[in-house]
Protein chains: 2
Amino acid sequence: MFSIDLTSRIPIYEQIYENIISLIVKGTLAENDQLPSVRAFAKDAGVNPNTVAKAYQELERTGIIYSVPGRGSFIAKPDSSVFQNAVLTEFDNAAMACADRGIDKQVLAEHLDNIYTKHGKGEKL
Amino acid sequence: MFSIDLTSRIPIYEQIYENIISLIVKGTLAENDQLPSVRAFAKDAGVNPNTVAKAYQELERTGIIYSVPGRGSFIAKPDSSVFQNAVLTEFDNAAMACADRGIDKQVLAEHLDNIYTKHGKGEKL
DNA sequence: ATAGATGTACTATCCGATATAGTACACCCC
DNA sequence: GGGGTGTACTATATCGGATAGTACATCTAT
C-alpha cells in the first residue's frame, strides 16, 4: 500500500509524509480514516518505528492528520491548499531552472499536455 | 561570480556543476573559455579544492568541459541537450506531482506564464 | 482491574554521503 | 627549474538520517 524507496536521496520520513498526502488526494484515505499504527506501518515498510513516528509528527504538525493518545492517528479534514503549496513551489523551481537553460515555454507547455493526458486527469479544460 | 549555498541540502559539488552550466547557458562562459583553476575557485568560494575538483570531473565526464593536464579546464562545445535533459526531467516530475495532488493544468499554465514573463525570457512565442 | 495497543519522548549508536585536510604525481608553460 | 595546472589517493571530520532500546501516559477491550 505504501511505496518506500530506501535508496532515494529523499529521507524515508519525507517519503511517508508524501505518501499519506498522495493517498488522501487520490481518495484512498478520507477524513477520520484511521492510519496504520506507527509500529504496524514500520513493520510493513521494513523501517524503524521512530522513522514512521517522525513522519506522523510532521503530518500532525501541518494539520494533515490528528493523533489521539492511546487511540491512533486519523486523517484530519482535508485542506487542499496544504497539499498543493509544496508541489507548486517545486513546480515553479523546476520551471525556472528550465527557463534558465533557455528552454522554450512552448516546450514546457507540451510536456504539460503529455503529462496530463497520460495521467488521465486534468481534462477539465 | 559563483553563488554557493553551504546550508543547502544539495551537495556543494552539484551546486558548482549547475552553476557552470548556468553561466554557459547565459552566455557568460563561451566555448574554449578557461575556468578558474580548482584551487582558485576553491579559495574564492571558501570551499575545499577537492570539492571543486569533484565538480570539474563530473563536468568533464558529461562532456560539458574539457581539462588539459597542466593547462587548465575549458568550456567544451556547448550541446544544449546536455543541459536541458536534467531540468526537463525535474520539470516532468514536478508537474506529475502537481497532477497527483489534483492541481488543474490551467493553474500550472498560469504559473508558467508568470515565470516566463518575470524572467523576461522565453518571449519567442 | 488487567492486559494490550496506541502515540510520544528520550538517549544512544550506527551508517553513509559530504566535506575537509594533506600529500603526491604528471603535465604544461614561461 | 619554478610555478601553475588537473588528478589521485588516504585519512579524518561532520552531519543528517536511520536504527535500537526503553519508558511513559492514554485509551480500549476483556
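What counts as what
Residues numbered from 1 in each chain as written. Chains lettered and ligands numbered in written order. Predicted model: local features only at pLDDT ≥ 70, side-chain atom pairs only at ≥ 80, totals over all residues. Heavy atoms only, no water. Helix = DSSP H or I, 4+ residues; strand = E, 2+ residues; numbered from the N terminus. Polar contact = N/O pair within 3.5 Å; in protein donor to acceptor, adjacent residues only side chain to side chain. Near = heavy atom within 4 Å. Nonpolar A, V, L, I, M, F, W, Y, C, P; charged D, E, K, R; others polar. Salt bridge = Lys/Arg side-chain N within 4 Å of Asp/Glu carboxyl O. Buried < 20%, exposed > 50% of the residue type's maximum accessible area, 1.4 Å probe, protein only. Expected span 1.5 Å × (residues − 1). Contact = heavy atoms within 4.5 Å. Axes fitted to C-alpha atoms, helices over the stretch in contact; angles between N-to-C directions. Parallel < 35°, antiparallel > 145°, perpendicular 65-115°, else oblique. Left-handed = near helix turned anticlockwise from the far one by under 90°. Buried area = accessible area lost by both parts, 1.4 Å probe.

Draft legend 1. Molecular detail of the side chain of Lys105(A). Assignment of secondary structure puts Lys105(A) in helix α5 (residues 105–118). A polar contact of 2.7 Å, which involves the side chain of Lys105(A), links it to the side chain of Asp113(B).

Draft legend 2. How the structure looks around the protein's contact with DNA strand D. Around DNA strand D sit 22 residues in total, of which Ile12(A), Asn48(A), Asn50(A), Gly70(A) and Glu60(B) are the nearest. Asn48(A) is positioned with one of its backbone polar atoms (N or O) 2.9 Å from a phosphate oxygen of DNA strand D. Between Arg39(B) and DNA strand D, the recorded distance is 3.3 Å, taken from a side-chain N or O atom to a base nitrogen. When contributions to the surface near DNA strand D are tallied by element, the ones reaching two or more residues are α1 (12–26) and α3 (49–61) of chain A together with α2 (38–45), α3 (49–61) and β2 (72–75) of chain B. Residue composition of the surface near DNA strand D, grouped by class: six nonpolar, 11 polar and five charged.

Draft legend 3. Structural context of the pattern of salt bridges. Overall, the coordinates contain eight salt bridges over all chains when judged by the stated rule. Here Glu58(A) makes a salt bridge to Arg61(A), at a shortest N to O gap of 2.9 Å. One end of the pair is Glu58(A) and the other is Arg61(A), both in helix α3 and three residues apart, which spans about a single turn. Taking the relative accessible area as the measure of exposure, Arg61(A) reaches 61% and is therefore exposed. One salt bridge in this structure joins Glu18(B) and Arg101(A), with 2.3 Å as the shortest N-O distance. Taken together, the residues Glu18(B) in helix α1 (residues 12–25) and Arg101(A) in the loop between α4 (80–100) and α5 connect one chain to another.

Draft legend 4. α4(A), seen in detail. Taking 1.5 Å of rise per residue, the 21 residues of α4(A) would be expected to cover 30 Å, and the 30 Å separating its terminal C-alpha atoms lies within 8% of that figure. For α4(A), the set of buried residues is Phe83(A), Val87(A), Leu88(A), Phe91(A), Asp92(A), Ala94(A), Ala95(A), Cys98(A) and Ala99(A). The secondary structure elements touched by the buried residues of α4(A) are α1 and α5 of chain A together with α4 (80–100) and α5 (105–118) of chain B. Once α4(A) ends, the next one or two residues include Gly102(A), with phi positive near 75°.

Draft legend 5. Representation of the packing of helix α2 (residues 38–45) of chain A against α3(A). Residues and elements named next belong to chain A. At a closest axis distance of 8 Å, the pairing of α2 and α3 adopts a crossing angle of 120°. In this view, α2 runs oblique relative to α3, as classed from their interaxial angle. Where α2 crosses over α3, the handedness of that crossing is right-handed. Of the residues in α3, those touching α2 at Val38, Phe41 and Ala42 are Pro49, Val52, Ala53 and Tyr56.

Draft legend 6. Structural detail: the interface of chain A and chain B. At the interface, 39 residues of chain A touch 38 residues of chain B. Both faces combined, the contact of chain A with chain B buries some 4,100 Å², and carbon together with sulfur accounts for 65% of it. When the area that chain A buries against chain B is broken down by residue, the three leading residues are Arg101(A), Lys105(A) and Tyr116(A), summing to 20%. Where chain A packs against chain B, one counts six salt bridges. There are 12 residue pairs in polar contact (both at pLDDT 80 or more) connecting chain A and chain B. Listed by contribution, the elements that provide at least two residues to the side of chain A that touches chain B are α1, α4 and α5 of chain A. Tallying contributions element by element places α4(A) first for the side of chain A that touches chain B, with 14 residues.

Draft legend 7. Unusual backbone geometry, seen in detail. A positive phi angle, close to 70°, is found at Asn32(A), a residue other than glycine. Asn32(A) sits in the partly exposed class, given a relative accessible area of 45%.

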